[in-house]
Amino acid sequence: MSKTNSGHFFEDFALGQELVHATPRTVSTGDVALHTALYGPRLALHASTPFAQALGYREAPLDDFMVFHVVFGKTVPDISLNAVANLGYARGRFGVPVYPGDTLSATSTVIGRKETSSGKTGVVYVNTVGSNQHGAMVCDYVRWVMVNKRDPASPAPEAVVPELPERVAPESFVVPEGVSFAGYDTTRSGSPHLWDDYTVGERIDHVDGMTIEEAEHMMATRLWQNTAKVHFNQYEQASGRFGRRLVYGGHVISLARSLSFNGLENAVRVAGLNGGLHCNPTFAGDTIHAWSEVLESVPLPGRDDVGALRLRTVATKDRPCGSFPYRDKEGRILPEVVLDLDYWILLPRRR
Amino acid sequence: MSKTNSGHFFEDFALGQELVHATPRTVSTGDVALHTALYGPRLALHASTPFAQALGYREAPLDDFMVFHVVFGKTVPDISLNAVANLGYARGRFGVPVYPGDTLSATSTVIGRKETSSGKTGVVYVNTVGSNQHGAMVCDYVRWVMVNKRDPASPAPEAVVPELPERVAPESFVVPEGVSFAGYDTTRSGSPHLWDDYTVGERIDHVDGMTIEEAEHMMATRLWQNTAKVHFNQYEQASGRFGRRLVYGGHVISLARSLSFNGLENAVRVAGLNGGLHCNPTFAGDTIHAWSEVLESVPLPGRDDVGALRLRTVATKDRPCGSFPYRDKEGRILPEVVLDLDYWILLPRRR
Amino acid sequence: MSKTNSGHFFEDFALGQELVHATPRTVSTGDVALHTALYGPRLALHASTPFAQALGYREAPLDDFMVFHVVFGKTVPDISLNAVANLGYARGRFGVPVYPGDTLSATSTVIGRKETSSGKTGVVYVNTVGSNQHGAMVCDYVRWVMVNKRDPASPAPEAVVPELPERVAPESFVVPEGVSFAGYDTTRSGSPHLWDDYTVGERIDHVDGMTIEEAEHMMATRLWQNTAKVHFNQYEQASGRFGRRLVYGGHVISLARSLSFNGLENAVRVAGLNGGLHCNPTFAGDTIHAWSEVLESVPLPGRDDVGALRLRTVATKDRPCGSFPYRDKEGRILPEVVLDLDYWILLPRRR
């Protein structure tokens, strides 16, 4: 029997099946430094331990999407090694803060599956839960992928498609215990704009652009221990659909998150991931810009120090975002749009 | 009102104004590892905690220019986002040692401003002070930049140009408290050449060359949280003056510092920054070489374990430095010279 | 006298001479994060402190080849700066586990030398020992290199060639004190295949490929403080034999080690290095694949929790390894083979 991992095919996923993913990972300030070097984040909460401690954190916690990448990476060998397409995310939440020294592991449960009309592939829905060394949830989300069947002739299982919310409910957001944003320092954070200052429908062009290099996206993707072959093997990709290595979609999410600092300097936490689409492929050499729209603004139950904004952040390649590029007149997403992310962020409130 | 940072224009800088910069940053061994990977430094003091402790340091301190980059990076969004040119440095000093775990922040004071003859720009002089979490000075320097006016028609303010010393006075150097170089180990440091062995007028070709890659200078510049747009956005630069992303001048300073290990293995501290000029632009693909000349040699008041050398270090692109390239016959700096740095270093003395 | 290091020439190496190498280096979780980003290792032992502690380690130890690179890097300025070729390794062993915070230094002893028939070069054999801050051995190996003579006319010394074992004897392997693999978790390690499951003669195609970028191999090589000029200076290499910067051979070793996770997920330790050959040069842009053959399988004296496999791992450039490429019909190593590594690994045993 072959000792190498050939991944799971559609037939291998049973409803209710639990996949305990390999390689628990102790994160460190080394990972944080690389995250800084690769994306250029500037949120004071993640950059400064005294800043974080003044709010009640034990020390500077990791950026939420960094936690997402570490958890997501573990799932790749078991879930998406034979994936044809990463179709969507839903019901994503971030849990207890993750600090350097914490160890993250991940488990996924198959919550749905449905053969596609071609009969050659199927869609698998998994709920992935990332936990720290104490078993506390750090990240919990649903992802669905299109996976090849091992044998096109194998019979279609009964179709089960989970009911997924259009958006994460604000009452389920996790504000870390013991944390208060009452004394939040807007001088050191870099902007006076708090939750109160953003209005529904407001659009923000994040202005700056960042060009991606092969070495950067590969280093990032390896750092997250994400093994999807399309990101690393130019010899194979040369004869593939694009002739190029594909950039991991999460790399673009983190670039967009960092670019969005310019206009969202106080977005201290990603509270929920409602949905996300990697609309078009991204390659090294592409320059990423981003813009955001405020979709909803809600206070948090029982808290006057922090509120939530639901955002759509759109990232483009080789197109600045002053005109907020998104869809054409027929409603089709533009070819230069590479990311359409619907998520919740928390911002301190004015008092 | 736009929520994004459009930077300050010449009119925005008032004499005596204090700018408290954003994003305090806790530095870590992760930053040190990246500094090592990006520049290849080999000074034992910065590489080895036992080596540092034998001299009286708490542990291995950060390289001084690394501290400079972190402090400098914070000033960019407030000082030089609309800068036309970075004109000079003066009166730079390094203070208490910075250790992993320390948190650095920066504040600048406007100490001069003068409209240029064109009427479209002005020169702004700032004194930037970087501090650790205890408020102790880690780095203190003057920088002047040419900045665009918001409105060319706005009246010129009274010109104030600060008086700046040609060189930092040796009596103002900071030798860390409790540190003695009496037992300095020249076997483990890699060279027997101490302060006593260098003579004024001596020139050293540092021999080695290092080629710069796009991924490297961008990772470094993001690590320092320096947001100057010219370093990152190839889409925009393609139609700019050079058609290329510019390499952050400080990247070349750190490359030159690392290259200069070959011949200056015991230059344990950068004590003062007298002046510096980024003479010509540097781009990815350029190979950097460097040479140094000893301009002055002074003992330190009250110390027989350590002395100071004033150096000029010149870095070139695509030209080895065996012939010490610098100026042409007319005194003009050669086009292949990219850095002209005038600074003080400390070296252990022979006893 | 020149203050820069011109390296040692053949005449400079005296039999029995001890070379104490410069720059002791305190390794950190920052180095570990970079190692992860550069190679994508996934062994749970090195990634997770709780996983390591469950086996009796103090915390997650560093990958053995990472230790090798740090030790090897120190030797370059003294041993191989004037090397014409890196000819071989033998009798390599790994000692006590290395943890973040440990400080590594290296000393080499000249154990052989022999002028080559040309009279212009000679072969030097050194035994390098890397130690931690307590003087405990972390890595101990023999390397021989062909070095230029300073003066072709200088007389040949008496030839002394050390007797080197064809393979490291299993009784000399170091299993860290207090460590037991009895409770090894094959779910979290990513594979059920233990020592018992591998048979002599078995070949494993590690399937995946990884393309090398200039920024990556240079960052790695600087991280190991390896100063060999051929890796960094494109200006000089442009007129050299290949017109390109050469990739450090150890970079390929670590890539092969990471690729081999797919099929050798439980290879928790590199116990011995029997020999290694960098058969052909590797350049940026090359895609590395690897395959392994089990040469021997031996139990460890007095232990029922862990056994050893002797492996040959072959790495190729731009050629997948499904057909196990190695030698042509005449027995010559194929031009696409870049690494031929003969080494011992330890794997937990089934109980």
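With an unreviewed UniProt entry as reference, chain A is termed MaoC-like dehydratase, source organism Pararhodospirillum photometricum DSM 122.

## Looking at the side chain of Thr116(B)
All names here are of chain B. Residue position: Thr 116 is located in the loop between strand E4 (103-115) and strand E5 (121-131). Taking relative accessible area as the criterion, Thr 116 reaches 18% and is therefore assigned buried. Of the polar contacts made by the side chain of Thr 116, one reaches the side chain of Thr 121; its length is 2.5 Å. Ignoring anything within four residues of it in the chain, the contact list for Thr 116 reads Thr 121, Gly 122, Val 123 and Met 146.

## Some points on helix H1 (residues 29-39) of chain B
The periodicity of an α-helix, 3.6 residues per turn, causes residues three or four places apart in sequence to face the same way. Residues and elements named next belong to chain B. Of all 11 residues in H1, nine are buried; the element is thus mostly enclosed. Of all the residues in H1, the buried ones are Gly 30, Asp 31, Ala 33, Leu 34, His 35, Thr 36, Ala 37, Leu 38 and Tyr 39. The first or second residue beyond H1 is Gly 40, which carries a positive phi of 75 degrees.

## Describing the interface of chain B and chain C
Interfaces are frequently sized by the accessible area removed from exposure as the parts join. Across the contact, 45 residues belong to chain B and 37 residues belong to chain C. Buried area between chain B and chain C, summed over both chains or domains, comes out near 3,000 Å², and the portion from carbon and sulfur atoms is 59%. When the area that chain B buries against chain C is broken down by residue, the three leading residues are Ala37(B), Arg42(B) and Arg188(B), summing to 21%. At the boundary of chain B with chain C, the tally comes to four salt bridges. Taking the shortest distance from any N to any O, the salt bridge between Arg222(C) and Glu216(B) comes out at 3.0 Å.

## Points about the interface of chain C and chain A
With 45 residues of chain C at the contact, the number on the chain A side is 37 residues. Note on chain C versus chain A: buried area summed over both sides is about 3,000 Å², and carbon and sulfur give 59% of it. The largest contributions to the chain C side of the interface with chain A come from Ala37(C), Arg42(C) and Arg188(C), which together make up 21% of the buried area. There are four salt bridges connecting chain C and chain A. For the pair chain C and chain A, the number of links is 19 residue pairs in polar contact (both at pLDDT 80 or more). Counting residues per element, the ones that place at least two in the side of chain C that touches chain A are helix H1 (29-39), helix H2 (44-47), helix H3 (49-54), helix H5 (186-189), strand E7 (203-205), strand E8 (210-211), helix H6 (214-223) and strand E10 (287-299) of chain C. If one sorts the elements of the side of chain C that touches chain A by residue count, H1(C) sits on top with eight residues. Residue composition of the side of chain C that touches chain A, grouped by class: 18 nonpolar, 17 polar and 10 charged.

## Remarks on the pairing of strand E3 (residues 83-94) of chain A
Residues and elements named next belong to chain A. Of the pairings in the sheet, the one linking E3 to strand E6 (residues 137-148) comprises eight bridges and is antiparallel in character. Looking across to E6, one finds that Phe 94 is bridged to Cys 139. Across two bridges, E3 lies against strand E9 (residues 269-277) in antiparallel orientation. Following the sheet pairing, Arg 93 is matched in E9 by Gly 272.

## A closer look at the relation of the copies chain B and chain C
These two copies of the chain differ by a rotation about an axis and a displacement along the same axis. Least-squares fitting of chain B to chain C yields an RMSD of 0.0 Å, with the superposition described by an axial translation of 0.0 Å and a rotation of 120 degrees. These values place the two chain copies in the arrangement generated by a three-fold rotation axis. Judged by C-alpha distance, Gly30(B) is the residue of chain B that lies nearest the rotation axis, at 2.1 Å. With a heterologous cut-off of 20% or less, the 11% of interface residues of chain B that recur at the interface of chain C puts this contact in the heterologous class.

## Describing the relation of the copies chain C and chain A
Screw-axis analysis of chain C against chain A gives a translation of 0.0 Å along the axis, an RMSD of 0.0 Å, and a rotation angle of 120 degrees. Comparing contact sets, just 11% of the residues at the interface of chain C also lie at the interface in chain A, consistent with a heterologous contact between different surfaces.

## Some thoughts on the nonpolar core
Core analysis: the biggest nonpolar cluster contains 174 residues, and Leu34(A), Phe68(A), Leu34(B), Phe68(B), Leu34(C) and Phe68(C) have the highest contact counts within it. Here Leu34(A) is in contact with Met219(A), Leu223(A), Leu34(B), Met219(B), Ala33(C), Leu34(C) and Ala37(C), once residues within four sequence places are set aside.

## Focus: the pattern of salt bridges
Residue and element names in this part refer to chain C. Scanning the model with the defined rule gives 69 salt bridges over all chains in all. Between Arg 203 and Glu 293 there is a salt bridge, with its nearest N and O atoms 3.6 Å apart. Of this pair, Arg 203 sits in strand E7 while Glu 293 sits in strand E10, and the two are 90 residues apart along the sequence.

## What to know about the confidence of the model for chain A
Considering every residue of chain A, the mean pLDDT works out to 96; 100% of them sit at 70 or more. If you check the scores for this complex, the pTM reads 0.98 and the ipTM reads 0.97.

## Observations concerning the packing of helix H6 (residues 214-223) of chain A against helix H6 (residues 214-223) of chain B
In helix packing, the relevant descriptors are the interaxial angle and the interaxial distance, both defined with respect to the helix axes. Where H6(A) meets H6(B), the closest approach of the two axes is 8 Å, and the angle between their N-to-C directions is 60 degrees. Between H6(A) and H6(B), the angle is such that the two are oblique. Of the residues in H6(B), those touching H6(A) at Ala215(A), Glu216(A) and Met219(A) are Glu214(B), Ala215(B), Met218(B), Met219(B) and Arg222(B). A breakdown of the residues in the contact of H6(A) with H6(B) according to their chemical character gives five nonpolar, no polar and three charged.

## A look at the environment of Phe181(C)
Residues and elements named next belong to chain C. Secondary-structure assignment places Phe 181 in the loop between strand E6 (137-148) and H5. As for Phe 181 and Val 306, which are separated by 125 residues in sequence, their C-alpha atoms are 6.5 Å apart. Filtering out sequence-adjacent residues up to four positions away, Phe 181 remains in contact with Leu 55, Tyr 57, Val 175, Val 268, Asp 305, Val 306 and Pro 348.

## A look at unusual backbone geometry
Of note, the phi angle at Asp318(A) is positive, near 50 degrees, even though the residue is not glycine. Summarising the element assignment, Asp318(A) is placed in the loop between strand E11 (306-317) and strand E12 (337-348). The exposure class of Asp318(A) is partly exposed, given its relative accessible area of 34%. We note that Arg91(B) has phi near 50 degrees; this positive angle belongs to a residue other than glycine. With respect to the helices, strands and loops of the structure, Arg91(B) is situated in strand E3 (residues 83-94).

## Quick notes on the environment of Pro320(C)
With respect to the helices, strands and loops of the structure, Pro320(C) is situated in the loop between strand E11 (306-317) and strand E12 (337-348). Given a relative accessible area of 39%, Pro320(C) falls into the partly exposed group. Between the C-alpha atom of Pro320(C) and that of Val207(C), which follows or precedes it by 113 residues, the distance is 7.2 Å. For Pro320(C), the contacting residues outside a window of four places in its chain are Tyr235(A), His289(C) and Pro325(C).

## Some details on the packing of helix H1 (residues 29-39) of chain A against helix H8 (residues 249-259) of chain A
Residue and element names in this part refer to chain A. One way to put it is that H1 packs onto H8 with a least axis distance of 10 Å and a crossing angle of 80 degrees. With respect to their mutual orientation, H1 and H8 come out roughly perpendicular. Judged by residue contacts, His 35, Leu 38 and Tyr 39 of H1 engage His 251, Ser 254, Leu 255 and Ser 258 from H8. Among the residues making up the contact of H1 with H8, the classes are represented as three nonpolar, four polar and no charged.

## Some details on the environment of Thr109(C)
Residues and elements named next belong to chain C. Locating Thr 109 in the fold gives a position in strand E4 (residues 103-115). Note on Thr 109: relative accessible area 26%, which makes it partly exposed. Once the C-alpha coordinates of Thr 109 and Leu 19 are considered, the two residues, 90 residues apart in sequence, prove to be 6.2 Å apart. For Thr 109, the contacting residues outside a window of four places in its chain are Gly 16, Gln 17, Glu 18, Tyr 125, Val 126 and Asn 127.

## Thoughts on helix H4 (residues 64-79) of chain B
Residues and elements named next belong to chain B. Compared with an ideal rise of 1.5 Å per residue, which puts 16 residues at 22 Å, H4 spans 22 Å between its outermost C-alpha atoms and is within 8% of the ideal. The buried fraction of H4 is high, at 16 of 16 residues. A side-chain oxygen of the first residue of H4 lies 2.9 Å from the backbone nitrogen of Phe 65; this N-cap is Asp 63.

Calculation criteria
- Residues numbered from 1 in each chain as written.
- Chains lettered and ligands numbered in written order.
- Predicted model: local features only at pLDDT ≥ 70, side-chain atom pairs only at ≥ 80, totals over all residues.
- Heavy atoms only, no water.
- Helix = DSSP H or I, 4+ residues; strand = E, 2+ residues; numbered from the N terminus.
- Buried < 20%, exposed > 50% of the residue type's maximum accessible area, 1.4 Å probe, protein only.
- Polar contact = N/O pair within 3.5 Å; in protein donor to acceptor, adjacent residues only side chain to side chain.
- Contact = heavy atoms within 4.5 Å.
- Buried area = accessible area lost by both parts, 1.4 Å probe.
- Salt bridge = Lys/Arg side-chain N within 4 Å of Asp/Glu carboxyl O.
- Nonpolar A, V, L, I, M, F, W, Y, C, P; charged D, E, K, R; others polar.
- Pairing = 2+ DSSP bridges.
- Least-squares fit on C-alpha atoms with pLDDT ≥ 70 in both.
- Core = buried A, V, L, I, M, F, W, Y, C linked by side-chain atoms within 4.5 Å.
- pLDDT = per-residue confidence, 0-100.
- Axes fitted to C-alpha atoms, helices over the stretch in contact; angles between N-to-C directions.
- Parallel < 35°, antiparallel > 145°, perpendicular 65-115°, else oblique.
- Expected span 1.5 Å × (residues − 1).

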